[in-house]
Structure formats: C-alpha cells, structure tokens
Amino acid sequence: MTDYGHDLLFGTFVTPSAQSPQKVVDLAVTADRAGLDLVTFQDHPYQPAFLDTWTLMSYAAARTSRIHLAGNVHSLPLRPPAMLARSVASLDRLSGGRIELGIGAGAFWDGIAAMGGRRLTAAQGVTALREAIGIIREVWDVSTRGGIHLDGEFYQADGTKRGPEPAHDIPIWVGSYKPRMLELTGAYADGWLPTLEYIEGGLDAVPGLNGRIDEAAVAAGRSPGDVRRLLNLMNVSFQPTSRTLLNGPADQWVEDLAGLVLEYGFSAFLIGGDDPAVAERFAAEVAPQVRELVAKER
C-alpha cells in the first residue's frame, strides 16, 4: 500500500479547441459550478487547432470564481521560465490564489522548432527543466534580497528582479515518464502529473515509477510525501454495468479511485472527455464518496 496521505483533488483535463472556444470556457465554468477542485488545459502552442492555453486560462479565470486552474502541462521550450513565473504569479494574484503550475520538458519537437523554440535531446530537456524550476522559484521568492543570477547550460539570469509574489504557495507539478525525468520530479518538483494512458505498462508500472520518485526525493533530502501524485484519466465514461477502470456506474468509479489512492498513491484525478454531464456526475456522485471511503480506510 502506498498512500502519501494528501488531501484529495478532483478535476478535469480540457482540450483547448479553437473551433469551439466558448464550449471550452463553458467546460471550466461547469467544473467550477459543479464543485470540482481543478480545471486543467492541455498546452500545445504549436498546434493551430488549439487556443493558446495561457490566454485561455486568463479568460477562464475571469469567468470562474472558486476553482483552481493549471496548464496540463505547459511546454517549457516555448514558455521561458522567468516570463512563465511572472505570468503565473500575476494570474494567481488576479484570480485570488487559484493558479497552479504544471510543466513539462517538451515534446513534439518538430512543432516546437517550427515555432522558433530550441530543439533539445531528452537528456538536455531534463537539464533545462531543472534549471527552469530553479529560476521560477527564485522569481517567486521575494523574501531574498538581490537579483537572480544563474549561468545555466540552457537558461541564464543576470540580475533578473524578483516578483511579483504569488497570492499563494504555488506547487510545481511535472509531467514525466522516463527515469531521469522521474528522478528530477522526486528531487525538485511538488507533484508528478502523468496521463495513465501514456504510462508504458499502465497501472502495473506505477509502483516502480513511484519508487524511483521516492528514491530521488530521499536522496535530495526530501520526503516521498513532498511529491503529490496526480493522474490524468482520458478514457472514462459512466456506464450502467461495470467494464474497465472508470468505465461503469458511479459506485464503480468510487471503488476504482479509492483504490488508486490507497494502493497506488494518487491523490488528484483529472478526467478527460470534455463532457459537461460527466464532469457534473464526477463532482456530485463520485468525489464526495471517494473522500468518505478513503477517510474510513486511512
């Protein structure tokens, strides 16, 4: 059993389709009104069929009042870290402390290069992300005097001024799958944010991946519990009879998600599908019951 004991979060993983921008914003409003904790948006800046995620988040933040928002995950090669840190902090202050940061090293390198981004190898991407996390935290750290100075391999800062200070302590969640990225997650991040359908080996592989994060956290002088485990779940649907994971009646969803908490260590669940009715049932019929069941087992 691997339960890291975090409070539970429930939310959605929204496709930022440019063809139906109002529908995308309405999905965020629905999640907000339904009582979910998070609405997150894919970030593929090189994809012309998608809205720019940062612009979308700003608009969605203004249309909602309670729910937290995040990129899932932001493409670092097209979002320079110091600028991203200021954008996140600014929107966090404007929204009353409702912005979280999901970030990845980059993917779809042809698209990134076509947009003027730097093409990196996998190993270079890990180093760049580590440097970026350092800069982001430094920008947010207004309690330290003086500017930011970093002469990194991929990012430099020479007297960069600090601030603005975010409205709340913003966690940095990293989308990662491969060993070096998992080790970076354990050593430097506040959360691990994979998509179940992209995990090679599926749930059977999760204990090993968690173990790698745990070992890296301990080696860095941290606790494994310092890293929240979040999970995107794309293939979900309510069905009258039980089928596969999160494909069945609401009570099966409750059992499935409680198992993911208690046996696999996840504590935040973001569902795809872009279906407002599913999001409403997720909030009303699943989330409260999962919290109750997990509380009984803990």
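Residues numbered from 1 in each chain as written. Predicted model: local features only at pLDDT ≥ 70, side-chain atom pairs only at ≥ 80, totals over all residues. Heavy atoms only, no water.

This paragraph deals with the pattern of salt bridges. In the structure shown here, the tally under the stated rule is 15 salt bridges. Where D43 meets R79, a salt bridge forms, and the shortest distance between an N and an O atom there is 2.9 Å. Here D43, found in the loop between β2 (38-41) and α2 (53-63), pairs with R79, found in the loop between β4 (74-75) and α3 (81-94); they are 36 residues apart in sequence, far enough to count as distant. According to the relative accessible area criterion, D43 is buried, its value standing at 4%. (Salt bridge = Lys/Arg side-chain N within 4 Å of Asp/Glu carboxyl O. Helix = DSSP H or I, 4+ residues; strand = E, 2+ residues; numbered from the N terminus. Buried < 20%, exposed > 50% of the residue type's maximum accessible area, 1.4 Å probe, protein only.)

So, about the nonpolar core. With 82 residues, the main nonpolar core has F41, W140, L257 and F269 as its most contacted residues. With near-sequence residues (within four places) excluded, F41 lies in contact with V14, V24, A28, T53, L56, M57, A60, L69, A70, G71 and N72. One finds L9, F13, L38 and A70 within the second-largest nonpolar core, a separate group that totals ten residues. (Core = buried A, V, L, I, M, F, W, Y, C linked by side-chain atoms within 4.5 Å. Contact = heavy atoms within 4.5 Å.)

The full count for this structure, using the stated rule, is one cavity of 30 Å³ or more. In this structure, the largest cavity encloses a volume near 80 Å³. As for the largest cavity, its lining consists of T12, F13, V14, L27, I271, G272, G273, D274, D275, P276, V278 and A279. At the level of elements, β1 (9-14) and α9 (276-297) are the ones that each hand at least two residues to the lining of the largest cavity. (1 Å grid on protein atoms, 1.4 Å probe; cavity = no way out; pocket = protein on both sides within 12 Å on 5 of 7 lines; lining within 4 Å. Points joined across faces, edges and corners; volume = space filled by probe spheres on them.)

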